[in-house]
Each structure stands twice: as structure tokens, then as C-alpha cells.
Amino acid sequence: MSRPPDMLQGMLDLLILRVLQHEPMHGWAIGNRIRQLSDEVLQVQQGSLYPALHKLEEQGWIEATWGESENRRRAKFYTLTAAGRRRVTEETAHWQRLSAAIALVVRTT
Amino acid sequence: MRWPARLRHRLRALLTARRSEQDLSDELQFHLEAQVAAYVAEGHSVEAARARALREFGSPDVVAEQCRDARGVRLLTDAWRDARTGWRAARRAPASAAAAVATLALGIGSATAMFSVVDAVLLRPLPFEAPDRLVRADAWVAAGALDVYRLQARAFSTVGLLQPDREVNVGVRTEPERLRAAVASDAVLPLLGVVPRRGRGFTADDMHASSAPVVLLGHDLWLRRFDGRADIVGHAVRVDGVSREVIGVLPPGGLRPLADVDLVLPAATRGLPPAVLWGSTYFQLLGRLRDDVSTGAATADLRRLAPIVRDSYPWRMPDVFGAEVVAVPLLESLVGDVRPRLLALGLAVALVLLSACANVATLVLARAVVREREFAVRAAVGASRRRLGQQLLTETLALWLCGGVLGWGMALLTVTGLQAWLPADVPRLDTLALDGRVLVGTLLITLLTGMAFGLLPAWRMARTDLVPFLKANDGGVATAAGRQWLVKGLVIGQLASAVVLVSGSVLLTRSLWNLSRVAPGFDADDVLSAAITPDQAVCADEIRCAAFYAQVRERLEVLPQVTAVGLADNAPIGGASSLFAIDVDGHPVAPGAPAYTASRLVVTPTYFAAIDQPLVHGRAFTEADGDGGAPVVLVNQAFVRRFWPGQDPIGKRLRYVWQPVWRTVVGVVGDIRQDGLAQASPVAFYVPYGQDRPRDLRLFVESGMAWPALAREVRRVVRGVHPEVPVSKVQPLRGVVEASLAGTTALLAILSVFGAVVLLLGAIGTYGVLAANVSSRRRELGIRLALGASARSIRRLVLRDAATLCAAAFALGVPVAWWSARRAEALLFGTGPQDVTAQLAVLVVMTAVALAAAAVPAMRAARVDPLRSLK
């Protein structure tokens, strides 16, 4: 279970933030949603997910509260903070520029 | 903007550690359960689902570890854990840990104490308003010059005159007290920002000589002598025979550190005859700079005004008068003199600190060797070398902090002793305190030295390959040698510090020895000295003054066991010598050139007999000279050498520049080291009492009586002649001579103590290195002995090691000692870094210590049993 390299880590952060844009979720649900939305391509392991979640919490983009899950179990829910909302907009724009640039390079070479 | 939130988050994570751990474990557990439920929902059986989920999940501990990393508090939790490990390790070897903490406490404690002195004296700003804008001229100015400066100086917003160390009689009805007073112009208090606690300060009217006499009381005097009474303003106090009205009380700090006085008198700058205004009272010039003016501009301004001041004098002053005046920032002018001495002490303390740290670092390294097994096991279980190094560093820092705390306690205990121990002429010592600034300084010292010296063992630990330690019983020879190198380096550093300090002590000892053998020019044995200070009530005119002193002399001379009684207007040594401008026969001075100066002493005829100052030529004074005889003077040999070398001085003449009367030289007396034993004798002339009549005189009584009894008699006699005359500064003359050596003696005492401590630490370090060396070379020594080497040659091996350490220490220490002796030349007398005897003495001391430290290891080496060591 090694830590993902920084670029993948950056992408994971963005994915988590995007997923949380719509509603608060607990850790497993976030990983599940990413898997669903990406058509099973991106399978996030808990060894990457939870360190990423804790890091985002420490950085202040998301905040955590303990609540009740669907099947009435105690779970830790994450929500975006105000700063987190601003961040996700910035990061999405940044990612779109980056991927467009990469697509250009890949297409022309 | 996010930093406060992040910091809060980290702090919270730190403080609620246990609950955070529980939360994390709950969260991961929840994830596992959710994954199992998902697999079950897909159709697997519960057991299969669980098995698959667990397999995918991996080790929860590693995930948890990474989460903890992400939370950003690992550094602190690791540090806490390391500190606890270190505490357990220390308990296994308490003697070693205690020795380390004690040594560190010694080093850090003395560094703290020294730092508090340096802070109080040199660093802390003065307690006045905007103190960095205050300057003082480095020359004395006459009272009449104040108006010139006040009206025409461009660089200053305010100027004032201050005389900080007058002495006055303050008397009510009973025994009058001799107290210290300052004389200040009206602008001084506002200039400094000192506001009277009660009443008011001086006004311009108070500066006039004929206005009603007033006085400002110091806070302590008000409490002590007047019980802090609320109606003190308007009260009358008798100062020097004049009744003065109290117009105010100063706040508790008063004018300290500029003037440590009991009361303040107004300076008379108007309404006096010009001769008095310009000739008899001299003041310091204080100024507050305007906002945009620098000290250099102030100096330029003072020099610009110098010719104007010069021309305002009622008589002709030298053309170059005031051309070299300098405006010095006030703090600098107060402490500039003592800075070299404090820095020398600071260097010594720094060496003690470094030596103590090196010693403890050696101890830590030695302990690390013993714990190698423990570290090797930890490395095998997965701890990285960096992690182990981090652990060692944290343990060492914890040790350093313990030493720092203990050292702080030590400094708290010794700071009062320090105030008494340092010589009294160090200014601002009364503000010495261990406050927040010193605490910050101590923390910095502790952390910096701890990091610097703690990195050494940590770095070694991080670089060593630990696997051999799991296998062999003692370390491989290669690593042992590498470690030895570091330890040897530390020991050499300690010995080099010892060389510097011992060298300093030896040089100071020689200086003191030289100084004590300097003949002061008089015999201080069996002479009691006292200051007699009658004021206007007793000495209303000169006749009455002379009669008073004549009576005192007569009554003292008839006492049993009193051999001689003499009076003079100053002490032969240590008193501030007053310089007088004179004209000398045969040495005409061009108009506008500076006049010759010499120090003057007014004496009674028996003065020379009382202090045994020899008469070298001609005749001494007689009673007739004082009673209206022809004006005569005596000169000292230095005077003759300066002005009439090779000629007979009898019959030559001199006079004060402001008097037309020529005085004839009738005799020559021996030189006296008036400015201190280290300075050459100044050019001096002696006037008989009667031809000049200063009011305050010093009494010298030569007698075989024990001095406390003699002191009582003197007081009794003076009180009997006139009860209102205070007698002060009663002490044996020998005490006055020794006081002039006080500074050097104190410095030597402190330096010797430090030198001894560092020498001891160096000796212990040397012993440790040599002993470790011997024990790690057991096999080699055993082989040598088995092959027939004599015990003596084995001992010589060890001694040679010791000699190498010593030589390296010399190579390192002697240049530093030489450099610091050059910088501190002002503190030495008759010796210097080139003094061969001193260097030899240091060599002898160091070699002796090194040999003593090597003795036991050498003997043990020779006694190694070859059979046992070869097994």
C-alpha cells in the first residue's frame, strides 16, 4: 500500500471534492461514487482514500462530523467548507486546462 | 488565511489524541463493514464477502499510520514517545544521566547568569523617554556655557547640565549625614522624561543664584528620612548649612543609572560672578537630539559652537578649546568603559558552556554505544536509520532541556551573589534580574546548543550500519575508530577551551602580581583615612575653617599611639585627581595655546610624615608656610623630569594661570601613583594648607591602634570640635590601595573558577577517551605483552595518546588565547600574550592535568592479562 504519486494524489483530491459538491458523504460512499461515476475505471483503495480525506480535512477544504449512516450505523460524514467550494471551482478549471493541453500534445505527436 | 484553521486542527488532533485514534479506527471499521455489505448485496456469502474485503483492505495499521501522517501531528507524537523512551533509558543509567544534567546545568546556568549581566548592563535600553535620542558630550562644560548651547544649538531640542556625583551634608538637628547629590539645570528632568512624583521640578527661576534655595528629594530619602510624609513639599531641609525648601520628590527610579543620588540641587547658571560661573563648577552636557538629527550631526554642532563658547569665557582659553568634543549616545557613554571586561567574561562563559556541552555530548555518544544493541533491534523491525537518529536527537534535546531548567534554577540562586561579586564600578548592576528577556535568551542558548551537540550522536547513528551490532559482542573495530574520532574531537575542544581560560588566568595572575609589586610611593600601613566635610555653618569664613582643622589636628596628635596626623584635599590614590592649569618658569605658553596642567594637592606639613611619602630634595613645609609666609610649593619628581630635567628645581617658580602670584619651589617629593597602580605617576605639585584653603579635607592618621578603635576616636574628636561635621569614608589607607585593584582581582577570581571547571571537565573527558581506548585495544595490548613488551612501554603508549590530545589542544587553544589576550590588553599590566613564562606555566599545568588523567588508564593498560584478552 504505497502512497500514490503526487499527480494522482492531486487528481484524487479533485475527485473527492467534486463528489462532495452535491451532498455530504462518508468515506466508503465517496469511494463508491467515484467508482460509479467513472464507470468502474477508477477504483480508489482505502489506503489512498483515507489519507487523502484526512489531508483535505487538515488543509481545511472539507470538514467532518459524526452522523448516522443509511443502515443506522455511526459514520463520519464529510462536507465541503466554503473555502473548499471555491477551491473545487478553481481546481476544476485548472484540470480542464491541463487535460486539454495534454490532449493537444497527445494528438499532435 | 487558512493557517489559523490548520493550526487549530493540528492542536485539536494533538490534544484529543486518544479519541482521534478511536475515531479513526471506527471510521476504518465502518468502511470495512460497508464493503462487506456491498459484496453481500452483490451476492457473495457473508464469509466470502468478509474474506475478500479484508484481503482488499490490507493492513489497517499502515492505513492508520498514513492517516496520522496526513493529520500532520506525527512529529510531535513521535517526539513525545521518544522522550519517554529516553526517560526509561536514563533510569537504567541514573548516574550517567545525573552527571550529564548536572554538567549541562553548570554550563547553561553560568551562561544564563552572564547573559543577564550583559543584558542588564549593555543591552537593555535606558529607563528614560526615547533613550536612543539622548546624548552626552564627552567634555565637561562650565555653568556659563549653558545659555550658549541652549540658544544656539541646532541639533538639540533640549540641553541640560548635570553633575551626577556631588557630596553634601544633609543635616537636621542630630548627626548630619553625608549624602550623594546631583546638581541639574531646569531642563534635565523634562529632557530625560522624569516626572516628579510629588510637587514640581526646577524652573528657570531656580537657576538664579539669588533665588530661594530649593531641593528635590530622591524617593528613597523621602521614605527613609521623612517617613514618606504627604506634606513634604514646602518642608525645609538643611543642605550644606543652607536651609532649602523641598519642592518635589522624584519617582522611585530617580535619575538612575545616570546619577545614583539621594537628592537633586538646582544648578546656579545665573547671578554669579563670571569667575565662578566659568571657572569653578563644571558639568556634563546632556542633550536630546531633534528627530531627524544623527549623533554625528550633534558632534558637528558642538564643534561649531566651541569657538563661541571659548570666546564667552572671561579670560583667554586655548584656541583649540572644544575642537575635539564628541557627542556620545548616553548608553554608550555610561557603559562603554566596562564593555571590554564584560566581553572577556562573556568569552570565558561561552567556553565553559561549550565545554560542558561537549562533555555531555561525549557522554551521550558513550551511552549510544552501550545501547547499540537496542537500536539494532529496532532497525531490524523496520525503523529507518533516520528515525533512529531522530529518536536520539529527541532524547538528547530532552536531556538538554532538563539541564536548562536546572541551570535556570542555578542562575536564580546565584544572581544575588553575582551582584556582590562583580566589581562595584560596573554600572547598572542594580537592574540585574532574571526576567522574560533572559528567559528567552536561556531558551535560545539551550535549544541551539542542544541541537548543535545533539546532532552529532544522531548523525552518527543515522550513518552507522547497525547489522554488525546484532552479531558481534563488541562493535567492529572500524566503527569504534570512527566514533573515537568524534569523541576525541570533542575532548580536544574541551582541552583547548581549558587552555584559553587557564592562559587568561595565568596572565591576570601575573598582572596582579606585577601590580601588587608596584610601589605606590607611600606607605599605607597603619594609616587610617577619613573624609571630613564641614559646611558653611562651620566654615563661614576661612579663618574659622583653619581654626576648626587646627583644633582637630591638635586633639588627634595628643592621642596615645598616634604618630602623625596629616590633612590633604584628596586621597593619594584612587581619588579623582583635579587638574589645574599652571604657568611654569622657563616654559612660556603662546597665547591661544593650551596651558600646562598638573594635579594639585593641598597638604598640611605633617601629611608627608603621616603617609611616609619621601622628601627627596630641599625642605618640606613648615607651620610658618601656612601662616602667611611667602608663597611656596613642593613638586614631585615627575614634575621635575617633565619641566626641569637635569636642573635644580629649588627656586624655580610656578603659578595658577588665573593668579599673578608666583610660587617658589622649595623641595621635591617622591612620585605617587595617584591615578592607580597601573598608570604612571602624574605631574603634581603641593601647596601648603593656609596658602589655599579648600573646605573639605581628608584626614590621615598614622597610628599603631587597631583601626576600629581609631575610627571611633577620630569621630569622637571631630564631634567634640564641632558636632555638625560629618565624618565619612573611614577606612584603612591600605583598603583604598586595594580597592584600585578590585576590578582585576574580581576578573581573575571569576576566570580562575571557570578555568578550573573547564580543566576538570577536560580532564574527565581525557580520562574517558583514554580508558575507552585502552579497553577497545585490549586484544592488541595483550598481543604486545605476550610478545614481550615491557609494562613501561605499554604505559608509554597510553601517555603518548594523552600527549597527542594535549598537543592538539594546544594547537587549537593557543592561537585563540593569543588573540583574546591581544584584544584584552587593557586589562593586563606588565604582561601580554608574548609573556613566555606565562605560556610555559600554561604548558606545565595542562601537561600535568593530562598526565594525571592518563595515569589510571596507563596503569590498567600495563596490567592487561595477555591470556585473558587473547581468548
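Before reading further, recall that the structure is shown in the block above.
Residues numbered from 1 in each chain as written. Chains lettered and ligands numbered in written order. Predicted model: local features only at pLDDT ≥ 70, side-chain atom pairs only at ≥ 80, totals over all residues. Heavy atoms only, no water.

1. Some words on the interface of chain A and chain B
Where interface size is given, it is often the accessible area lost as the parts come together that is meant.
Then, in step 1: Tallying the contact residues gives 24 residues for chain A and 24 residues for chain B.
Then, in step 2: Approximately 2,400 Å² of surface area, both sides summed, lies buried where chain A meets chain B, with 58% of it carried by carbon and sulfur atoms.
Then, in step 3: One can count 3 salt bridges joining chain A with chain B.
Then, in step 4: The partner of R74(A) in a salt bridge is D23(B), with the nearest N and O atoms 3.8 Å apart.
Then, in step 5: When contributions to the side of chain A that touches chain B are tallied by element, the ones reaching two or more residues are α2 (27–37), α3 (46–59) and β3 (74–80) of chain A.
Then, in step 6: For the side of chain A that touches chain B, the element with the highest residue contribution is α3(A), accounting for 10 residues.
Then, in step 7: When grouped by side-chain class, the residues that make up the side of chain A that touches chain B number 9 nonpolar, 8 polar and 7 charged. (Contact = heavy atoms within 4.5 Å. Buried area = accessible area lost by both parts, 1.4 Å probe. Salt bridge = Lys/Arg side-chain N within 4 Å of Asp/Glu carboxyl O. Helix = DSSP H or I, 4+ residues; strand = E, 2+ residues; numbered from the N terminus. Nonpolar A, V, L, I, M, F, W, Y, C, P; charged D, E, K, R; others polar.)

2. Regarding the packing of helix α13 (residues 339–370) of chain B against helix α14 (residues 372–381) of chain B
All names here are of chain B.
Then, in step 1: Where α13 contacts α14, the axes come no closer than 4 Å and their chain directions differ by 60°. It follows from the interaxial angle that α13 and α14 lie oblique. In contact with A368, V369 and V370 of α13, α14 contributes E372, R373 and F375.
Then, in step 2: Looking at the contact of α13 with α14, its residues break down into 4 nonpolar, no polar and 2 charged. (Axes fitted to C-alpha atoms, helices over the stretch in contact; angles between N-to-C directions. Parallel < 35°, antiparallel > 145°, perpendicular 65-115°, else oblique.)

3. Remarks on the pattern of salt bridges
Then, in step 1: Tallied over the full model, the rule gives 37 salt bridges over all chains.
Then, in step 2: A salt bridge links E68(A) to R72(A); the shortest N-O distance between them is 3.7 Å.
Then, in step 3: Linking R180(B) and D260(B) is a salt bridge whose minimum nitrogen-to-oxygen distance equals 3.8 Å. Here the residue R180(B) occupies a position in strand β4 (residues 177–184), and D260(B) occupies one in the loop between β8 (242–249) and β9 (263–266), the gap between them amounting to 80 residues.
Then, in step 4: Look at R180(B) and you get partly exposed, because its relative accessible area is 39%.
Then, in step 5: Three or more residues are tied together by salt bridges with common partners; here these are D119(B), R124(B), D435(B) and R437(B). (Buried < 20%, exposed > 50% of the residue type's maximum accessible area, 1.4 Å probe, protein only.)

4. A closer look at the sheet that holds strand β2 (residues 62–68) of chain A
Then, in step 1: Reading across from one edge, β1-β3-β2 (chain A) is the order of the 3 strands in this open sheet, with antiparallel pairing throughout. Each end of this open sheet is capped by a strand with a single partner; those strands are β1 (25–26) and β2 of chain A. (Pairing = 2+ DSSP bridges.)

5. Regarding the packing of aromatic side chains
Then, in step 1: Taken as a whole and judged by the stated rule, the model has 17 aromatic pairs over all chains.
Then, in step 2: Relative to W658(B), the ring of F580(B) lies with its centre 6.2 Å away and its plane at 35°, an arrangement referred to as tilted. Taken together, the positions of F580(B) in strand β14 (residues 579–584) and W658(B) in the loop between β18 (653–656) and β19 (663–669) put the pair 78 residues apart, joining distant regions of the chain.
Then, in step 3: Accessibility expressed as a relative area gives 15% for F580(B), which makes it buried.
Then, in step 4: Relative accessible area serves as the criterion here: at 49%, W658(B) is assigned to the partly exposed category.
Then, in step 5: Relative to F700(B), the ring of Y607(B) lies with its centre 5.5 Å away and its plane at 70°, an arrangement referred to as edge-to-face. On the criterion of sequence distance, the pair formed by Y607(B) in helix α20 (residues 607–611) and F700(B) in strand β21 (residues 697–703) is long-range, its members being 93 residues apart.
Then, in step 6: Given the relative accessible area of 0%, Y607(B) is considered buried.
Then, in step 7: By relative accessible area, which is 0% here, F700(B) ends up buried.
Then, in step 8: One aromatic cluster is present, built from ring pairs that chain together Y607(B), F608(B), F621(B), Y686(B) and F700(B).
Then, in step 9: R74(A) extends its terminal NZ or CZ atom over the ring of W66(A), reaching a point 3.9 Å from the ring centre.
Then, in step 10: Lying over the aromatic face of F643(B), R642(B) brings its terminal NZ or CZ to 4.7 Å of the ring centre. (Phe/Tyr/Trp six-rings, centres within 6.5 Å; stacked < 30°, edge-to-face > 60°. Lys NZ or Arg CZ within 6 Å of the ring centre and 35° of its normal.)

6. Notes on the pairing of β4(B)
Residues and elements named next belong to chain B.
Then, in step 1: Burial within β4 is extensive, with 6 of its 8 residues counted as buried.
Then, in step 2: Two strands pair when backbone bridges link them, and strand β3 (residues 156–171) and β4 are joined in this way by 7 bridges, in the antiparallel orientation. Note on β4: the bridge partner recorded for E167 is R180.
Then, in step 3: Where β4 and β9 come together, 4 bridges link them in parallel fashion. From the neighbouring strand, A182 faces β9, where its bridge partner is V264.

7. With respect to the state of the cysteines
Residue and element names in this part refer to chain B.
Then, in step 1: What the rule picks out here adds up to 1 disulfide over all chains.
Then, in step 2: Cysteine C357 is unpaired, with the sulfur of C402 as its nearest cysteine sulfur at 14 Å.
Then, in step 3: Residue class for C402 comes out partly exposed when judged on its relative accessible area of 44%. (Disulfide = S-S within 2.5 Å.)

8. Some thoughts on a positive patch on the surface
Residues and elements named next belong to chain B.
Then, in step 1: Residues R778, R860, R863 and R868 make up a contiguous surface patch of positive charge.
Then, in step 2: When you line up the elements, R868 lands in helix α29 (residues 866–870).
Then, in step 3: With relative accessibility at 63%, the residue R868 sits in the exposed group. (Patch = residues over 30% accessible without salt bridge, like charges linked within 9 Å, V, L, I, M, F, W, Y side chains within 5 Å. Areas by Shrake-Rupley, 256 points an atom, 1.4 Å probe, with all protein chains shown as cover. Lys, Arg positive; Asp, Glu negative; His and termini not counted. Charge placed at Lys NZ, Arg CZ, Asp CG, Glu CD.)

9. Observations concerning the side chain of S185(B)
Residue and element names in this part refer to chain B.
Then, in step 1: Here S185 lies in the loop between β4 and α8 (188–192).
Then, in step 2: Since its relative accessible area comes to 2%, S185 is described here as buried.
Then, in step 3: Among the polar contacts made by the side chain of S185, one reaches the main-chain amide nitrogen of L161 at a distance of 2.9 Å. (Polar contact = N/O pair within 3.5 Å; in protein donor to acceptor, adjacent residues only side chain to side chain.)

10. Comments concerning the packing of helix α25 (residues 742–776) of chain B against helix α28 (residues 836–862) of chain B
Residues and elements named next belong to chain B.
Then, in step 1: The interhelical angle for the contact between α25 and α28, taken along N-to-C directions, is 30°, at an axis separation of 9 Å. The orientation of α25 with respect to α28, classified from their angle, is roughly parallel. At the point where α25 passes α28, the crossing takes the right-handed sense. Mapping the contact onto sequence places L759, A763, T766, Y767, L770, A771 and V774 in α25 and V845, M846, V849, A853, A854, V856, P857, R860 and A861 in α28.
Then, in step 2: Here the residues of the contact of α25 with α28 sort into 14 nonpolar, 1 polar and 1 charged. (Left-handed = near helix turned anticlockwise from the far one by under 90°.)

11. Digging into the side chain of T744(B)
Then, in step 1: Position of T744(B) relative to the elements: it lies in helix α25.
Then, in step 2: In this structure T744(B) touches L508(B), L512(B), L515(B) and L827(B), once residues within four positions along its chain are discounted.

12. Thoughts on unusual backbone geometry
Residue and element names in this part refer to chain B.
Then, in step 1: Put simply, R256 and P257 share a cis peptide bond, and its omega is -5°.
Then, in step 2: One can find P257 in the loop between β8 and β9.
Then, in step 3: One non-glycine residue with positive phi stands out, namely Q561, at about 70°.
Then, in step 4: Position of Q561 relative to the elements: it lies in the loop between α19 (542–557) and β13 (562–568).

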